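Observations on the model geometry
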Amino acid sequence: MNLRDKLTGPNALGGIWINDGWVTACEMAAMIGFDFVVLDLEHSPHGLDRVVDTLRVLGGTETACVVRPTGNAPLLLKRLLDVGAQNLMVPMISTGAEARAMVADCRYPPAGRRGCASAVVRASGYGLDPGYITHANDDLFLMAQIETVEGIVNAGAIAGTDGIDMIFIGPTDLSGSFGEIGAFDSSAYRDAVTKAEDAARCAGKFLGSMPVPGHDAKTLVRRGHRLIAGSSDLVLLRDGMKNALATLRQELSPGM
Ligand code: 3PY
Ligand code: MG
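**Some points on the overall build of the chain**
Counting its regular elements, the chain contains 12 helices and 8 strands. On C-alpha atoms alone, the chain measures out to a radius of gyration of 19 Å, which is about the 18 Å that the 2.2 N^0.38 rule sets for 256 residues. Scored against the burial criterion, the 256 residues of the chain give a buried share of 46%. Considering only intrachain contacts with a sequence separation of at least 6, the fraction spanning at least 24 residues in the chain is 63%. Put simply, the chain shows about 12200 Å² of open surface, and 58% of that area lies on carbon and sulfur atoms. Each charge class in the chain can be summarised by its mean position, and for the 23 positive and 29 negative side chains these summaries are 1 Å apart.

Here you go:
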């Protein structure tokens, strides 16, 4: 089932950020039953090969692969699409023009300007799917991240852009754009989130975000969010290691 179909189901979708890019973590996430992973290229060291490996691992599973490129640039988007990524979460979309450029870069002509090598790329089954070029544009699920003050000002234009399927609010950067990273309780931040949510709703687009203090997953879902990217492979690994060491130290201390 593709991400769009999954999003129309009864429950909001729960996913996990993959920051280490370890394919085993993606495989495990699918076995455990996460609805999606976000393979994050913006804040991690891994590259395109890791994306291909992840798509291969998740290919036969019910877990959708969302890929977040480092930014909104045709050269990045084109290569991700060619290796078979279909669900892209593009960070820092702040104007309608940026949203239109993102969509155009992902669509084959005449709807867009994606470069074409459909006879050889993995996305078309290395050319085994001759119809790829005719359905590739429809297969896309494009998520624009609104996470700047400018993006909030232009939220209507971004959400209203044809081809943008979801507005994903990036709470950390958005709060930073208002002057203080993590100030999720300020009225400026709260009003901004409401504005982005209203814009998505008005445009009939899906909404998604990441839970942060004061805006937990339940609250987000109540406000209309359908895709919630919760924890991260690295956060879970870090906390698991910290706990394991704390327990071990306690058990090894004299007197225990
Ligand atoms: C942010 O919080 O800035 C993100 O991009 C992730 O949600
Ligand atoms: Mg961000």
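**Digging into the side chain of Asp233**
Looking at where Asp233 falls in the secondary structure, it is placed in helix 12 (residues 233-252). Here Asp233 occupies a buried position and makes no salt bridge, while the nearest side chain of opposite charge, Arg50, is found at 7.7 Å. Those residues in contact with Asp233 that sit more than four places away from it in its chain are Ile16, Trp17, Ile18, Asn19, Asp20, Gly21, Trp22 and Ala25.

**Some words on a nonpolar patch on the surface**
Side chains of Trp22, Met28 and Ile32 sit close together on the surface and give an oily, nonpolar patch of about 350 Å² of accessible area. Among the secondary structure elements, Trp22 is positioned in the loop between strand 1 (13-18) and helix 2 (23-32).

**Description of the pairing of strand 8 (residues 227-232)**
The sheet contact formed by strand 1 and strand 8 spans 4 bridges and is parallel. Along strand 8, the bridge assignment pairs Trp17 with Ser232. Tracing the backbone out of strand 7 (residues 206-209), into helix 11 (residues 217-222) and back to the parallel element strand 8 gives a crossover that is right-handed.

**Brief notes about the site of ligand 1**
Neighbouring ligand 1 are Trp17, Arg68, Gln145, Glu147, Phe168, Gly170, Pro171, Thr172, Asp173 and Met210. Take Thr172: an N or O atom from its main chain is 2.7 Å from an oxygen atom of ligand 1. In the environment of ligand 1, an oxygen atom lies 2.9 Å from a nitrogen or oxygen atom belonging to the backbone of Asp173. Starting from 230 Å² of accessible surface for ligand 1 in isolation, the protein chains cover 94%. If one sorts the elements of the shell around ligand 1 by residue count, helix 9 (residues 171-177) sits on top with 3 residues.

Quick notes on the rules
Residue numbers restart at each chain and count upward from 1, following the sequence in its written direction. The order in which chains are written sets their letters, starting at A; the order in which ligands are written sets their numbers, starting at 1. Whole-chain, interface and lining totals are the exception, using all residues; otherwise, since this is a predicted model, local features are given only for residues with pLDDT of at least 70 and side-chain atom pairs are given and counted only at 80 or more. As a convention, hydrogens and water are excluded, and side-chain values are obtained from all of the structure's heavy atoms. Secondary structure elements follow DSSP: runs of H or I of four or more residues count as helices, runs of E of two or more count as strands, with numbering from the N terminus. Between the two quantities, the radius of gyration covers C-alpha atoms and the globule rule is 2.2 Å times the number of residues to the power 0.38. Think of it in three bands: residues with accessible area under 20% of the maximum for their type are buried, residues over 50% are exposed, and the middle band is partly exposed, with areas taken using a 1.4 Å probe on protein chains only. Any two residues whose heavy atoms approach within 4.5 Å at even a single point are treated as in contact. Each accessible area is a Shrake-Rupley result for a 1.4 Å probe, and residues are judged covered by the shown protein chains and nothing else. When charges are counted, Lys and Arg are positive and Asp and Glu negative, with His and the chain ends excluded. Positions of charges follow a simple convention, taking NZ of Lys, CZ of Arg, CG of Asp or CD of Glu. Any carboxyl oxygen of Asp or Glu within 4 Å of a side-chain nitrogen of Lys or Arg constitutes a salt bridge here. Patch building starts from residues that exceed 30% relative accessible area and form no salt bridge, then joins like charges within 9 Å and nonpolar side chains (Val, Leu, Ile, Met, Phe, Trp, Tyr) within 5 Å. When DSSP locates at least two bridges between a pair of strands, those strands are taken to pair. Handedness of a crossover: with both strands directed away from the viewer, a clockwise path from the first strand across the helix to the second marks it as right-handed. We call a residue near a molecule or strand when any one of its heavy atoms sits within 4 Å of it. Throughout this description, a polar contact denotes any pair of N or O atoms lying within 3.5 Å of each other; where both atoms belong to protein, one of them has to be capable of donating a hydrogen while the other can accept it, and for residues adjacent in sequence the pair is counted only when both atoms sit in side chains.

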